Each structure stands twice: as C-alpha cells, then as structure tokens.
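# Reading the structure
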There are 2 protein chains.
Amino acid sequence: MILTGKRCEEEMNACGIIVEYNPFHSGHAYHVQNARELSDADVVIAVMSGNFLQRGEPSILDKWTRAKEALENGVDLVVELPFVWAVQSADYFARGGVKLLQALNCDALCFGTDSDKPIDYEAFGRFAVENKELIEKTYKELGEKHLSYPQQMTHVFQRLYPELHLDFASPNHVLGLSYAKENAKYTHPMKLLPLKRKITQYNEEIIHQQFASATAVRVGAFNQTWQELESVLPENTYRDLKTGPLVSWENYWPLLKYRLIASSEEELRGIYQMNEGIEYRVKEMALKAESFTHFIELVKTKRYTWTRLQRLATYTLMNISEQEIELGWKNSSLRILGMSEMGQKYLKEQKETASLPILTKNSKKMSSYLDTGLKSDRVYQLGNSRILEQSSGRFPIRIKNA
Amino acid sequence: MILTGKRCEEEMNACGIIVEYNPFHSGHAYHVQNARELSDADVVIAVMSGNFLQRGEPSILDKWTRAKEALENGVDLVVELPFVWAVQSADYFARGGVKLLQALNCDALCFGTDSDKPIDYEAFGRFAVENKELIEKTYKELGEKHLSYPQQMTHVFQRLYPELHLDFASPNHVLGLSYAKENAKYTHPMKLLPLKRKITQYNEEIIHQQFASATAVRVGAFNQTWQELESVLPENTYRDLKTGPLVSWENYWPLLKYRLIASSEEELRGIYQMNEGIEYRVKEMALKAESFTHFIELVKTKRYTWTRLQRLATYTLMNISEQEIELGWKNSSLRILGMSEMGQKYLKEQKETASLPILTKNSKKMSSYLDTGLKSDRVYQLGNSRILEQSSGRFPIRIKNA
C-alpha cells in the first residue's frame with residue numbers, strides 16, 4: 001500500500017487492543033478484524049504482554065515470535081506491556097494497557113466480553129470513577145468477607161447500579177470492566193467497543209470448530225496433537241508451535257526451587273507481594289514438590305488462588321522487589337516489538353505527541369536493576385537453550401502490508 | 001573385634017587426618033594405613049569436606065558415599081568439615097580441620113607432603129605462631145607485590161628461617177605448613193606425622209600404576225574409562241563412580257548463571273568475598289559464557305586465580321554472606337557422617353570432653369539461614385535428581401570393623 005497525496009496529511013485513526021497472544025489463534029484474528037471494522041480505524045495497535053503473562057506464567061512462545069504472528073494476521077503495531085503492568089491482577093493490567101494506548105492517542109479500544117446482555121461499559125466506567133468512595137463504603141458495609149472479591153463487587157453493583165446487571169465472576173468480563181474504569185479517568189477517553197467472544201469457556205480444553213482457546217492450543221502443542229491444531233490455527237502460529245522452542249512453568253521450576261532453597265525467609269520477604277507468612281510456606285513446599293504444578297498444589301489455600309500464587313512465583317523467579325515494581329510503573333515506556341508499514345507511519349505521526357518515550361531498540365547499557373523488562377527477558381531465555389536473545393540488539397519486526 | 005576387660009577402661013589413642021576424598025582412591029588408603037601405623041593409634045579420624053570442596057567445587061560423589069568409602073577402607077570416624085571452613089584458602093581450611101581434631105582430642109595428625117627433604121613442621125609451627133609480627137613485617141619490607149603470595153612467603157622464610165628450606169609453591173605442602181601453624185596455637189598440640197605422597201603431581205591427568213590422583217580419577221569417571229579405573233581404585237569407589245550420580249560444576253552452571261542474571265550488582269556485593277568491582281565482571285560474563293568452565297575462563301585475570309574464582313562462584317551459588325560465614329565459624333560443630341565400631345567407642349569416650357557439640361542427626365528444624373551446612377546440602381542435591389537427601393533424617397553410617 002503506497003500512501004500518497006492528501007491521505008498522508010490527514011491524521012490517522014487508531015484502534016487499540018490489549019492482548020497476550022499465548023499464542024495467537026483464530027479467535028484473536030477474529031478480534032483484530034472486528035476491531036478494525038467496528039472502529040473504522042486506519043491502524044490496529046496491540047499492547048501485548050511480554051515474555052511473562054497476566055496469570056503469572058511464561059508465554060509458550062517468546063514475545064518476538066508472538067508479535068510477528070500478530071503482524072502477519074492484521075495487527076499494525078505491537079507494543080510491549082511492561083512486566084510491571086503485565087504480571088498483575090486485572091486492575092493493574094488494565095491500567096498499564098490503557099495507559100500505553102492513551103499515550104499513543106488511540107481513538108477506540110476493542111475488547112472481548114463474555115456477557116450475553118449488552119453492557120454500557122462507558123457508563124460503568126464513568127460511574128466507577130465518579131463514585132469511587134461510595135463504592136468502597138458500600139463494599140465495607142456489605143462486609144461479605146466469606147465471599148470472593150469478584151462476588152462481593154457483584155453485590156456492590158447490584159445495590160448501587162442494578163441497571164448494569166454486572167457480574168464480576170468471569171475473568172474476561174472483569175478485564176472489560178477494568179478497561180472501562182481506567183479509560184474513564186482520561187480527559188479524552190477512547191470509544192469502547194466490546195466484542196462478544198466466540199469461545200466463552202476460558203479454560204476449555206477441547207479444541208472445537210474453528211475457534212480454539214489459547215489454553216486448548218497450548219495443551220495441544222505440548223501433547224503434539226498437530227493434526228488437530230492445524231485446522232484451528234493461523235499458518236504462522238501452527239509453524240511456530242511445531243518449530244518451538246516452547247516453554248511452560250516447568251522449564252523454570254529448577255530455578256525457582258533453587259531460589260527458594262537458597263534464600264532465607266528474610267530475603268524472601270523482600271520479594272513483591274511475599275507477605276503474611278507465605279514465605280515460610282513456599283520455602284517448605286519447595287523441598288517437597290516434584291514439579292511446579294505440584295508446588296502450587298501444595299502451597300494453594302483458599303486465600304491464595306492458583307493465579308495469585310503463579311504471579312508470586314513469577315515475582316520470586318524474577319527476584320523482584322516492590323521498589324522495582326513501583327519504579328517500573330513510574331518509568332513506563334513504549335517498547336515497539338513490531339510494525340506494519342501503516343503501523344510505522346502511525347508511529348512516525350506520534351513521535352511528537354506520544355506521552356511516553358518510544359523505544360525501538362534495547363540499549364545494552366540498561367541496568368537490569370532498573371529495568372525489570374531486561375531482567376525478565378534474560379530469565380525467560382534460561383528456560384530453553386534455543387530461545388534467542390530477547391533484548392540487546394533486537395529491533396522491531398517490520399512487515400509489509402498485505 | 002570385641003573389646004573387653006582392661007583395654008576398655010584405658011584411654012584410646014586417635015590419629016587425625018584432614019581430607020576431601022574426591023573420591024577415595026588407593027593413595028588415600030595408603031594414607032589411612034600409614035596414619036595408623038606411624039601413630040600407633042587405636043582409631044583414625046578423618047575430618048572430611050562435605051559436598052563442596054576446598055577448591056570451590058562440588059564433590060563428584062556426595063559426602064555420605066565418600067564417608068562410606070573411607071570407612072570401608074580403614075577410617076574409624078568421619079566428621080564433616082563445615083562448609084564455612086572447607087571452601088576456603090589453605091589457612092582457613094587448616095584452621096577448621098585442626099579445630100575439629102583438637103575438639104576430639106586427637107593425639108597425632110598425619111598429612112601428605114610433597115617435599116623431598118624432611119621438614120621440621122613442628123618447629124615451623126612454633127616459629128610461625130611466636131613470630132607472627134616479625135613475619136608480617138618482613139613480608140611488608142620485601143614488598144614483592146609482583147610475586148604471588150606463596151612466592152613472597154617462600155622469600156620471607158628464606159630470610160627468617162633458612163634452615164627449614166620452605167617452599168610454599170606446592171598446594172599440599174602449603175596445607176601441611178598451615179596445619180603446623182594452626183596446631184602450634186593449641187596448649188596440647190598434636191604430634192605431626194608428615195607422609196611422603198606417592199603422587200606429587202597434583203594435577204596429573206594420566207592414571208599410572210596403583211596410585212591415581214583424585215583429579216585423574218574424576219576425569220576417568222566422566223570419560224567412562226572404567227577398565228583403566230578398575231585397577232587403581234578400591235572396589236567400593238569403583239562401584240560408586242560407575243553407579244553415580246556424579247556431578248561437576250557444569251551441573252550447577254544453569255543455577256549460577258540464573259543467580260548472576262537475576263541479581264543486581266548491589267545484591268551481588270552482599271556475597272562473601274564479592275568485592276573490588278568483580279560483581280560487574282561476573283554479571284557481564286554470565287551472559288557470554290556457554291559453560292561454567294567458559295565462564296571462569298572469561299572472568300579469570302592475573303589477580304583472580306581459577307581456584308579463587310571457583311570459591312567465589314560457590315559462595316554465589318550458595319547465596320552466602322560474610323555474616324553467615326562468620327556465624328558458621330562461631331558455631332562449628334562435629335557432624336558425624338560415619339563410624340566403625342571402634343570409632344563409635346572412641347566417640348562415646350569423647351562425649352564428656354569434646355570441646356564442640358557432637359551432632360549425629362540433622363534436625364529438620366535447623367534454619368537454612370543459620371546453617372550454611374543445610375543450605376549447601378540442599379543446593380548440592382539440585383545438581384542431579386538422583387542425589388539422595390543429604391541432611392534431614394540422615395544418621396551416621398555404621399560399619400563393623402574388619
């Protein structure tokens with residue numbers, strides 16, 4: 001596509017999406033295509049988790065491979081969601097994602113929803129921002145400590161804003177609500193474009209029809225059921241999974257076990273979110289566990305969910321302190337993983353106006369202490385000797401528009 | 001051997017030896033036999049390094065296996081030299097070894113020497129203790145900073161005590177001198193029994209005749225040249241090496257690399273003996289090195305010898321601080337790895353008089369922060385999934401006297 005004349009001088013429109021692509025599958029392609037159509041945007045910008053993901057696990061394929069898959073399936077610009085935002089509960093994950101899309105002046109945000117009834121996300125966002133104190137007060141008043149946080153929040157909104165029919169129980173639904181709340185904080189909020197997901201069972205393990213869930217794809221890849229996968233994956237993802245290297249938490253289990261064994265309880269207390277005495281429990285169970293899965297099973301309690309423990313395990317593996325997380329929040333930047341010609345053009349347009357620094361190259365001089373991104377990339381690389389260098393000297397992937 | 005009547009009531013005699021047994025070979029058997037004969041002792045007590053050794057490396061076979069090999073070849077009592085004394089330069093290694101033998105009221109100390117001329121070790125020991133300041137003064141006066149420390153000390157003694165013909169250049173010779181110096185500090189020094197070693201080339205890599213060096217045996221075991229090894233090893237060592245599990249530094253390289261990558265320079269400075277800016281160098285080279293051997297090659301300078309770097313690597317792997325080392329020095333104890341009937345009898349005799357606590361069982365409650373021994377055992381176990389539990393619930397090996 002050659003851009004000439006008047007079109008070049010007009011301001012381009014961008015639709016943002018916040019993604020993980022673990023790995024990219026046909027459901028994601030459907031999302032990208034709909035984001036473009038619903039928004040009528042010139043470019044689709046994906047803010048994508050790096051090598052460690054929201055649920056506290058390493059990505060099956062590295063971030064560069066996943067960025068390339070996205071670009072080859074219609075995304076114009078892939079920006080890395082920094083580790084400090086990515087490996088977090090929905091609220092912080094959404095905060096980081098929206099922050100980056102806002103910094104790139106996106107006009108719309110398209111996200112998946114599991115809800116069968118249409119929800120006015122924008123109204124919810126505004127209400128949540130404007131009534132923050134009332135929501136907190138009601139939450140305390142209800143005092144339903146025996147319920148999970150999502151269940152409690154569902155009750156809060158049933159009382160305060162029953163017309164919205166909110167249910168905080170589904171993970172993807174919660175993400176949509178978090179996006180809406182974060183977006184409403186900005187002077188120029190993005191237009192919200194919820195998209196009904198094709199697969200609602202997030203943890204579905206059976207591959208069916210054209211749309212397989214990411215979880216099902218990962219299980220298939222580790223079990224090498226290639227024939228089944230070929231029919232439900234874009235060609236490039238299928239090829240990438242077959243070639244590998246693939247990693248799961250088990251690849252990092254020897255390193256995590258070693259850290260838990262060689263660290264004192266006092267040192268473990270310095271790890272982000274390692275508190276309430278859980279340091280004793282993880283240290284004890286590290287000696288008993290025979291695998292990462294076994295370890296989480298042993299440590300798991302009602303208070304500590306699987307996902308919360310996986311995130312804690314990731315912070316421990318990364319040897320990351322609260323101070324480093326907070327520093328990372330302050331120093332967010334736009335690390336570009338890849339772009340199409342259109343994406344590159346949009347990025348050029350944003351050079352002057354983007355509210356965060358745009359990084360197209362990783363400097364070798366970045367201190368691993370200051371840059372959790374560099375540290376997480378290097379630790380990720382230890383999972384398999386075939387994983388390529390993830391930081392130093394890597395430039396954004398560039399592809400031509402189809 | 002049944003002990004009855006008068007002999008039981010007499011005080012037994014003990015000859016100490018300070019060893020590593022990496023692994024036990026025919027030269028060591030020769031040493032044990034001579035220790036017994038030269039001292040005319042009832043029991044031979046070996047103070048043996050645990051799972052990490054003086055030169056800063058993991059032992060090829062675990063400490064329990066090596067203790068059993070020693071007991072089956074004539075040693076009566078095997079006591080573990082604690083990590084904080086074992087992984088050290090000759091001076092500290094000797095200090096720990098002599099401290100433990102003294103605590104067990106040994107009458108003699110038999111050690112190998114490479115020297116062709118007979119040396120009056122006891123005279124040297126007394127002189128070194130009584131003239132500590134003069135030696136230091138002379139060392140400074142000579143000011144031969146361009147020479148290695150052993151070379152400088154050789155010159156110091158050439159000036160102060162030429163009759164001794166001392167040469168500090170050979171590692172085993174230096175150990176003998178260190179034993180002598182430490183021993184002379186005690187009110188009741190042990191009788192020193194130097195024994196001419198059969199193999200003087202410490203790093204000899206060719207197996208010859210009946211006496212193979214430990215280095216040559218390890219090389220043979222990793223290369224699986226079993227036929228060659230069979231003729232030079234006691235039956236049990238031969239069998240143990242063939243069965244394994246065997247470990248070398250390479251087994252721990254992924255863990256060390258991970259620690260170096262995931263630690264900030266500031267954290268690395270908290271490691272014992274990590275100073276003078278070497279933390280920047282090790283962190284940089286960890287990214288470039290393809291193996292442990294390659295790593296040491298890359299970090300090595302004139303100032304940092306191979307052995308010094310291996311020790312630093314061991315402290316780093318163990319995540320050990322100066323404070324922990326000093327605490328370990330203060331809290332030395334006699335951890336019994338194994339005993340013959342005679343050894344057990346001797347130990348019983350010592351219960352009242354031993355000047356350090358005797359441990360025959362590792363408590364599960366020992367904090368890894370306070371007990372470097374427990375930590376080093378657990379980290380050692382990570383080197384190979386076939387290595388058995390090294391601490392909790394392990395009792396001393398007991399063998400019947402031949």
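Rules used throughout
Residues numbered from 1 in each chain as written. Chains lettered and ligands numbered in written order. Predicted model: local features only at pLDDT ≥ 70, side-chain atom pairs only at ≥ 80, totals over all residues. Heavy atoms only, no water. Helix = DSSP H or I, 4+ residues; strand = E, 2+ residues; numbered from the N terminus. Rg over C-alpha atoms; globule rule 2.2 N^0.38 Å. Buried < 20%, exposed > 50% of the residue type's maximum accessible area, 1.4 Å probe, protein only. Contact = heavy atoms within 4.5 Å. Areas by Shrake-Rupley, 256 points an atom, 1.4 Å probe, with all protein chains shown as cover. Lys, Arg positive; Asp, Glu negative; His and termini not counted. Charge placed at Lys NZ, Arg CZ, Asp CG, Glu CD. Salt bridge = Lys/Arg side-chain N within 4 Å of Asp/Glu carboxyl O. Least-squares fit on C-alpha atoms with pLDDT ≥ 70 in both. Buried area = accessible area lost by both parts, 1.4 Å probe. Polar contact = N/O pair within 3.5 Å; in protein donor to acceptor, adjacent residues only side chain to side chain. Phe/Tyr/Trp six-rings, centres within 6.5 Å; stacked < 30°, edge-to-face > 60°. Lys NZ or Arg CZ within 6 Å of the ring centre and 35° of its normal. Expected span 1.5 Å × (residues − 1). Patch = residues over 30% accessible without salt bridge, like charges linked within 9 Å, V, L, I, M, F, W, Y side chains within 5 Å. Axes fitted to C-alpha atoms, helices over the stretch in contact; angles between N-to-C directions. Parallel < 35°, antiparallel > 145°, perpendicular 65-115°, else oblique. Left-handed = near helix turned anticlockwise from the far one by under 90°. Nonpolar A, V, L, I, M, F, W, Y, C, P; charged D, E, K, R; others polar. Domains from an automatic or database assignment. pLDDT = per-residue confidence, 0-100. Pairing = 2+ DSSP bridges.

Turning our attention to the overall build of chain A. Secondary structure summary: chain A contains 20 helices and eight strands in total. For chain A, the C-alpha radius of gyration of 21 Å lies close to 21 Å, the compact-globule estimate for 402 residues. A principal-axis box enclosing the C-alpha atoms of chain A has dimensions of 65 × 55 × 45 Å. The buried share among the 402 residues of chain A stands at 57%. Within chain A, contacts between residues at least 6 apart in sequence are counted, and of these 74% link residues at least 24 apart. Carbon and sulfur atoms provide 49% of the accessible area of chain A, an area that totals close to 18300 Å². Where the 50 positive side-chain charges of chain A centre and where its 51 negative ones centre are 3 Å apart.

To continue, consider the pattern of salt bridges. All names here are of chain A. Applying the stated criterion to the full structure yields 32 salt bridges over all chains. Its salt-bridge partner being E80, residue K63 comes within 2.8 Å of it at the nearest N-O pair. Of this pair, K63 sits in helix α3 (residues 63-71) while E80 sits in strand β3 (residues 77-81), placing them 17 residues apart in sequence. Across this residue pair, the class does not change: K63 and E80 are buried. Several salt bridges share partner residues, and in doing so they unite K63, E80 and D377 into one network.

On to the relation of the copies chain A and chain B, then. Superposing chain A onto chain B takes a rotation of 180° combined with a translation of 0.0 Å along the rotation axis, leaving an RMSD of 0.0 Å. The symmetry that links the two subunits is that of a two-fold axis. Relative to the rotation axis, the C-alpha of L255(A) is the closest in chain A, positioned 3.1 Å from it. When you check the interface residues of chain A against chain B, 100% turn up at the interface there too, and the contact is symmetric in its surfaces.

Between chain A and chain B, the residue contacts involve 23 residues of the former and 23 residues of the latter. For the pair chain A and chain B, the summed buried area comes to about 2000 Å², and 59% of that belongs to carbon and sulfur atoms. At the boundary of chain A and chain B, one finds zero salt bridges. Taken together, the links from chain A to chain B amount to eight residue pairs in polar contact (both at pLDDT 80 or more). Counting only elements with at least two residues in the side of chain A that touches chain B, the list comes to α13 (249-262), α14 (265-268), α15 (278-288), α17 (306-317) and α20 (372-381) of chain A. It is α13(A) that contributes the most residues to the side of chain A that touches chain B, seven residues altogether.

So, about the packing of aromatic side chains. Summed over all chains, the structure comprises 43 aromatic pairs over all chains. With a centroid separation of 6.0 Å and 65° between ring planes, the pair formed by F127(A) and F157(A) is classed as edge-to-face. Pair noted here: F127(A) is in helix α6 (residues 121-130) and F157(A) is in helix α8 (residues 149-160), with a separation of 30 residues, a long-range link. Here F157(A) falls in the buried class, since its relative accessible area comes to 3%. Each residue in the set F52(A), F83(A), W249(A), Y252(A), W253(A), F292(A), F295(A) and Y380(A) is aromatic and connected to the rest through ring pairs, giving one cluster. The ring of Y92(B) carries R95(B) above its face, with NZ or CZ at 5.1 Å from the centroid.

Let's shift gears to the environment of M190(B). As for its placement among the helices and strands, M190(B) is situated in the loop between α9 (171-183) and β5 (191-196). Considered as a pair, M190(B) and A108(B) are 82 residues apart in the sequence and their alpha carbons are 4.5 Å apart.

This brings us to helix α2 (residues 26-39) of chain B. All names here are of chain B. The end-to-end C-alpha separation of α2 is 20 Å, in line with the 20 Å expected for 14 residues at 1.5 Å each. Listing the buried residues of α2 in full gives S26, H28, H31, V32, N34 and A35. Buried residues in α2 make contact with β1 (14-19), β2 (43-49), β4 (108-113) and β5. Positive phi shows up at D40, right after α2, with a value of about 55°.

Attention shifts here to unusual backbone geometry. Here the residue pair N22(A) and P23(A) is connected by a cis peptide bond, since its omega of -5° sits within 30 degrees of zero. Turning to its location among the elements, P23(A) is positioned in the loop between β1 (14-19) and α2 (26-39). A positive phi angle, near 70°, is found at Q273(B), a position not held by glycine. Tracing the backbone through its elements, the reader meets Q273(B) in the loop between α14 (265-268) and α15 (278-288).

Moving on, we come to a negative patch on the surface. A cluster of like negative charges, contributed by E266(A), E267(A), E266(B) and E267(B), occupies part of the molecular surface. Listing elements by their share of the negative patch, those giving two or more residues are α14 of chain A together with α14 of chain B. Structurally, E266(B) is set in helix α14.

A few words now on the packing of helix α3 (residues 63-71) of chain B against helix α12 (residues 235-243) of chain B. All names here are of chain B. Between α3 and α12, whose axes approach to 9 Å, the crossing angle comes to 160°. By the angle between their directions, the pair α3 and α12 is classed as roughly antiparallel. Remark: the crossing between α3 and α12 carries right-handed chirality. Here T65, K68 and E69 of α3 come into contact with α12, specifically with N236, T237 and D240. Looking at the contact of α3 with α12 residue by residue, the classes come out as no nonpolar, three polar and three charged.

The subject of this paragraph is the domain arrangement of chain A. Residues and elements named next belong to chain A. Each domain of chain A was delimited in the assignment, giving domain 1 (14-200 + 328-395) and domain 2 (249-326). Measuring from the centre of the C-alpha atoms in domain 1 to the corresponding centre in domain 2 gives 25 Å. Taken residue by residue, the interface counts 24 residues in domain 1 and 18 residues in domain 2. Together domain 1 and domain 2 conceal approximately 2000 Å² of surface at their shared face, both sides included; 57% is due to carbon and sulfur atoms. The partner of E324 in a salt bridge is K375, and the shortest N-O contact between them spans 3.0 Å. On inspection of domain 1 and its partner domain 2, the count reaches 18 residue pairs in polar contact (both at pLDDT 80 or more). Its residues assigned to classes, the side of domain 1 that touches domain 2 comprises eleven nonpolar, nine polar and four charged.

All names here are of chain A. When the pLDDT values of chain A are averaged, the result is 90; 91% of them are 70 or greater. This model gives residues 1-8 a pLDDT under 50, and the stretch forms eight contacts once residues within four places in sequence are excluded. Confidence drops under pLDDT 50 across residues 200-209; counting only partners more than four residues distant or on other chains, this segment forms 22 contacts. The ipTM value of the predicted complex is 0.90, and its pTM value is 0.91.

Residue and element names in this part refer to chain A. Burial runs high along β3: five of the five residues are buried. Residues L77, V79 and L81 of β3 are buried on one face, and the alternating residues V78 and E80, pointing to the opposite face, are buried as well. Across five bridges, strand β2 (residues 43-49) lies against β3 in parallel orientation. By the bridge assignment, A46 is partnered in β3 with V78.

So, about the packing of α13(A) against helix α20 (residues 372-381) of chain B. It is the contact of α13(A) with α20(B), at a shortest axis distance of 9 Å, that shows an interaxial angle of 170°. In terms of their interaxial angle, α13(A) and α20(B) are classed as roughly antiparallel. Facing α13(A), whose interface residues are Y258(A), I261(A) and A262(A), α20(B) presents K375(B), R378(B) and V379(B).

Turning our eyes to something else, we now look at the side chain of D62(A). Residue and element names in this part refer to chain A. Topologically, D62 is positioned in the loop between β2 and α3. In this structure, D62 is buried with no salt-bridge partner, the nearest side chain bearing the opposite charge being R394 at 5.1 Å. A distance of 3.0 Å separates a polar side-chain atom of D62 from the backbone nitrogen of T65. Residues within four places of D62 in sequence aside, it is in contact with N51, Y380 and Q390.

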